[in-house]
Amino acid sequence: MQQGEIELQDLGPDHIEGAVALSRRENWPHRPQDWQMALQLSSGAVALDDGGRVVGTILVTPYGMDCAMINMVIVDRNARGKGLGRKLMEQAFLLAGDRPLRLVATADGIPLYHKLGFVPSGTILQHQGNVAELGAPDGVEAASADDLEEIKALDRDAYGADREALIDVLAERGEFAVIRRNGAIVAYAAIRQFGRGEVIGPVIAGSAEVAKTLIGFFASSRPGAFLRVDTDSRTGISDWLAQIGLAHVGGGMAMDRPQKMGSARPKVYALANQALG
């Protein structure tokens, strides 16, 4: 490789340290463990400069053959304006195959994604902060391992794709809470360690009030803890999140590159986070 050239490689465990350094330069909160989880569920590409330093990343998280989430799209500030973002996206298209694609775009990335055929499908609001002291809600219980198959079926129906692998990893690394009606699970939420604290999501519920109940279940057992929730603006829970101490601090535009599926997600009240959809 000649001086000044950028080399693209498959992103692997040996690149985690450099990827963490890159994301921290962009003020992203991801720890090595967060990158490892994302890579466990994904395939991706990494851009290396002529000194071997990581200057770009992209991951593709497939959900069966139903769709794939493009995430962790980062280009070092000193490497921008040279077409590297497009090259990383081209690698993502190869990895995704024929799957419809979803991503959450920052303002900087929106023009490129428009050119590549992505269309807006919503606005993602990132909320985080030290949660207020809350009373424990009624009607929610901690899930057990025996509940996972039912959680997976509910998630597939709500999200419109098979996220079985994600549910399995969340079970390894975090906790689930569920709401039952007549013995059947009708709503669920997950929580796990992430960044500066913990992230709540996914939250799959039939209404905003049920979503608040699930989030409140985790929040009530962690007064003062640093929590994050990423939610679509259409869910109607943003103001409530701010009221319990989770301020709106940013977010992005949800975008789809559709092929055979729509973009409506009416039952998804919180994403797993912006890294995983």
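Before reading further, recall that the structure is shown in the block above.
Residues numbered from 1 in each chain as written. Predicted model: local features only at pLDDT ≥ 70, side-chain atom pairs only at ≥ 80, totals over all residues. Heavy atoms only, no water.

## Section: the pairing of strand β9 (residues 184–194)
Consideration 1: Judged by how many residues are buried, β9 sits mostly within the fold: eight of eleven residues are covered.
Consideration 2: Both strand β8 (residues 174–181) and β9 contribute to a ladder of eight bridges, which runs antiparallel. Directly across from F176, in β9, lies its bridge partner A190.
Consideration 3: The turn joining β8 and β9, which pair antiparallel and follow one another in sequence, is formed by two residues; a positive phi near 55° is taken by N182.
Consideration 4: Across six bridges, β9 lies against strand β10 (residues 197–204) in antiparallel orientation. Note that in β10 the partner of Y188 across the bridge is I204.
Consideration 5: Count of turn residues in the β9/β10 antiparallel hairpin: two residues, of which G195 carries a positive phi of about 55°. (Buried < 20%, exposed > 50% of the residue type's maximum accessible area, 1.4 Å probe, protein only. Helix = DSSP H or I, 4+ residues; strand = E, 2+ residues; numbered from the N terminus. Pairing = 2+ DSSP bridges.)

## Description of the packing of aromatic side chains
Consideration 1: Counting across every chain of the model gives five aromatic pairs.
Consideration 2: Judged by centre distance (5.9 Å) and plane angle (65°), the ring pair of Y113 and F118 falls under edge-to-face.
Consideration 3: By relative accessible area, F118 is classed as buried at 1%.
Consideration 4: Pairwise contacts between aromatic rings join F93, Y113 and F118 into one cluster. (Phe/Tyr/Trp six-rings, centres within 6.5 Å; stacked < 30°, edge-to-face > 60°.)

## Quick word on helix α7 (residues 208–220)
Consideration 1: Helix length check: α7 (13 residues) gives 18 Å between terminal C-alpha atoms against 18 Å at 1.5 Å per residue, within 8%.
Consideration 2: Inspection of α7 places A208, A211, K212, L214, I215, G216, F218, A219 and S220 among the buried residues, and these make up the whole buried set. (Expected span 1.5 Å × (residues − 1).)

## Some details on unusual backbone geometry
Consideration 1: Following G201, the chain continues into P202 via a peptide bond in cis, with omega recorded as 0°.
Consideration 2: As for its position among the elements, P202 is in strand β10.
Consideration 3: Here the phi dihedral of M72 falls at roughly 55°; this positive angle occurs in a residue that is not glycine.
Consideration 4: Summarising the element assignment, M72 is placed in strand β4 (residues 67–75).
Consideration 5: A positive phi is found at N182, a non-glycine position, where the angle reads about 55°.
Consideration 6: Tracing the backbone shows N182 in the loop between β8 and β9.
Consideration 7: For N182, a relative accessible area of 86% gives the class exposed.

## Concerning the pattern of salt bridges
Consideration 1: All told, the structure shown has 19 salt bridges when counted by the stated rule.
Consideration 2: K152 serves as the salt-bridge partner of E164, at 3.6 Å between the closest nitrogen and oxygen. Of this pair, E164 sits in helix α6 (residues 164–173) while K152 is found in helix α5 (residues 148–159), placing the two residues twelve residues apart along the sequence.
Consideration 3: According to the relative accessible area criterion, E164 is partly exposed, its value standing at 33%.
Consideration 4: According to the relative accessible area criterion, K152 is buried, its value standing at 6%.
Consideration 5: One salt bridge in this structure joins E198 and R222, with 2.8 Å as the shortest N-O distance. In this pair, E198 is assigned in strand β10 and R222 in the loop between α7 and β11 (226–232), connecting sequence segments 24 residues apart.
Consideration 6: By relative accessible area, E198 is classed as buried at 13%.
Consideration 7: Owing to a relative accessible area of 13%, R222 belongs among the buried residues under this scheme.
Consideration 8: It is possible to trace a salt-bridge network through shared partners that takes in R25, D49, R53 and D76. (Salt bridge = Lys/Arg side-chain N within 4 Å of Asp/Glu carboxyl O.)

Worth remembering: the numbers are spatial, not functional.
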